[in-house]
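Notes for the structure review
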Amino acid sequence: MATGELEGRKALVTGSATGLGRSIAIRLAERGADVIINCTRSVEDAEETVAACNAAGAQAQLVTGDVSSEEGCRKLADAAAQWGKLDILVNNAGITRHARDHSDLDALSRQDFMDTYAVNVAGPFLMMQACRDLMVTAHKESGRASAVLNVSSIAGVTGIGSSVAYAATKGALNTMTLSLARALAPAIRVNAVCPGFIGTRWFKDRMDEEQYERMEQGVRKSVPLHVASGPDDIADSAIFFLTDSSRHVTGETLLVDAGMHLGYAPLSAR
Ligand code: NAD
């Protein structure tokens, strides 16, 4: 439902064809922001996101581009330059190498580390590099700090997660959030969300329906709030960092994980 609180603001969400990126983009559109939707290859999915944002009343457009490359980030920033400013940047695009047994050091190669780092850490940095001037312009015009949101993970805080390489990249993203929040103030606020489990194609593409159901059930049983989060559940918290409700918040990292970081909480404990 449109509230109009972001009317006139311009936003860019990386990796927004699917999952959490799509949910955040739609929430921005519902609040009145125009949005650039980005993907590398999932053009059909991305067009669905564009249509949903347009239906919410926004002007949305798809710009393909790989955030791990300077060229891809430049292309995205050039698309935002048509607006002459950028108020909101969501660094959501992310990848992993699945290697859940962290004791199996042979499960990951040097290349796995480099590939994951390129998208999850260099990507957000290159995007901020490419978009900084546009975000400073938005700040000068409005008098309010522009907002960057980095989508990190509980893996970056606790070290658990799909692989050691993935957790290490999200830990790096969390410290980069601190460094850049300090460096880019007062023109730009930089915050991060750390989801726990999100039911997205991240898992759905790797298992059949029954395996997925079992996994989701396992999450429900083990996290303190006894829920399995979907993209909308995380997006509802993430949107806080992109609105004026967080106007005095920068350098913050919010865990949105139904309590996963607290450890196992059996149902019988209630
Ligand atoms: P997803 O696969 O649906 O979304 C990731 C998106 O990033 C995809 O649309 C993908 O095409 C895009 N992408 C990947 N590499 C890219 C690149 N180089 N350039 C541009 N786009 C690229 O999965 P999701 O679960 O919605 O993941 C979104 C974010 O949430 C990621 O940063 C992920 O690390 C984080 N996260 C996910 C979970 C989870 O359980 N699914 C948990 C914690 C954090």
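Residues numbered from 1 in each chain as written. Predicted model: local features only at pLDDT ≥ 70, side-chain atom pairs only at ≥ 80, totals over all residues. Heavy atoms only, no water.

A look at the side chain of Ser16
To keep things clear, this is the line we draw: Only DSSP runs of H or I with at least four residues qualify as helices, and only runs of E with at least two residues qualify as strands; both kinds are numbered from the N terminus onward. Using a 1.4 Å probe on the protein chains alone, a residue whose accessible area is under 20% of its type maximum counts as buried, one over 50% counts as exposed, and one in between counts as partly exposed. The criterion used for residue contact is that any of the two residues' heavy atoms lie within 4.5 Å.
Within the secondary structure layout, Ser16 lies in the loop between strand S1 (10-13) and helix H1 (19-30). Note on Ser16: relative accessible area 0%, which makes it buried. Ignoring anything within four residues of it in the chain, the contact list for Ser16 reads Gly21, Arg22, Ala25, Ile36, Ile37, Asn38 and Thr49.

Topic: the packing of helix H3 (residues 70-81) against helix H4 (residues 110-142)
The line we're drawing: Axes here mean lines fitted to C-alpha atoms, for a helix over just the part in contact, with angles spanning 0 to 180 degrees between N-to-C directions. Convention used here: angles under 35 degrees read as roughly parallel, angles over 145 as roughly antiparallel, angles from 65 to 115 as roughly perpendicular, and any remaining angle as oblique. What makes a crossing left-handed is the near helix being turned counterclockwise from the far one by less than a right angle; a clockwise turn instead makes it right-handed.
Packing of H3 against H4 brings their axes to within 9 Å, and their N-to-C directions diverge by 30 degrees. The orientation of H3 with respect to H4, classified from their angle, is roughly parallel. Here H3 and H4 pass one another in a crossing that is right-handed. On H4, the residues that touch Glu70, Cys73, Arg74, Leu76, Ala77, Ala80 and Ala81 of H3 are Gly123, Leu126, Met127, Ala130, Cys131 and Leu134.

Let's talk about a nonpolar patch on the surface
In plain terms, the rule: Think of a patch as exposed residues, more than 30% relative accessible area, with no salt bridge, where like charges cluster within 9 Å and nonpolar side chains (Val, Leu, Ile, Met, Phe, Trp, Tyr) cluster within 5 Å. Only the protein chains shown count as cover for residues, with accessible areas throughout obtained via the Shrake-Rupley method and a probe of 1.4 Å. By convention in these notes, a salt bridge is any Lys or Arg side-chain nitrogen within 4 Å of a carboxyl oxygen on Asp or Glu.
A cluster of nonpolar residues, Phe113, Met114 and Val164, forms a patch on the protein surface that exposes about 230 Å² of accessible area. Tracing the backbone shows Phe113 in helix H4.

A short note on the site of the ligand
Note the following rule: In these notes, residues near a molecule or strand are those with any non-hydrogen atom within 4 Å of it. We call two N or O atoms a polar contact when they sit within 3.5 Å, provided that within protein one can donate a hydrogen and the other can accept it, with sequence-adjacent residues counted only if both atoms are side-chain atoms. Both cavities and pockets are sets of points on a 1 Å grid over the protein atoms alone; in a cavity a 1.4 Å probe fits but cannot get out, in a pocket the set is open with protein on both sides within 12 Å along at least five of seven lines, and lining residues sit with an atom within 4 Å of a point. Cavity and pocket membership follows a simple rule, namely that a molecule belongs there if more than half of its atoms are within 2 Å of the grid points. Gly is placed with the polar residues, together with every amino acid not listed as nonpolar (Ala, Val, Leu, Ile, Met, Phe, Trp, Tyr, Cys and Pro) or charged (Asp, Glu, Lys and Arg).
Not every one of the 27 residues close to the ligand is listed here, only the nearest: Thr18, Asp66, Asn92, Tyr166 and Thr200. Note that an oxygen atom of the ligand is positioned 2.9 Å from one of the backbone N or O atoms of Ile198. In isolation the ligand exposes 810 Å². Once the protein is present, 94% of that is buried. Judged by its atoms lying within 2 Å of the grid points, the ligand is housed in the largest pocket. Among the elements of the structure, H1, helix H6 (164-184) and helix H7 (201-204) are those that each provide at least two residues to the shell around the ligand. Element by element, the count of residues in the shell around the ligand is highest for H7, at three residues. Split into classes, the residues belonging to the shell around the ligand amount to 12 nonpolar, 12 polar and three charged.

A word on the layout of surface pockets
Worth spelling out the cut-off: Grid points are joined across faces, edges and corners, and a volume is the space filled by probe spheres set on the points.
Put simply, the largest pocket is a space of about 1400 Å³. The wall of the largest pocket is formed by 50 residues, among which Gly94, Ile95, Thr96, Thr200 and Trp202 lie closest to the centre. Put simply, the parts of the chain that give the lining of the largest pocket at least two residues each are H1, strand S2 (34-39), H6, H7 and helix H8 (209-222). Residue composition of the lining of the largest pocket, by class: 22 nonpolar, 20 polar and eight charged.

It is worth stressing that arrangement in space is one thing and function is another; only the former is reported here.
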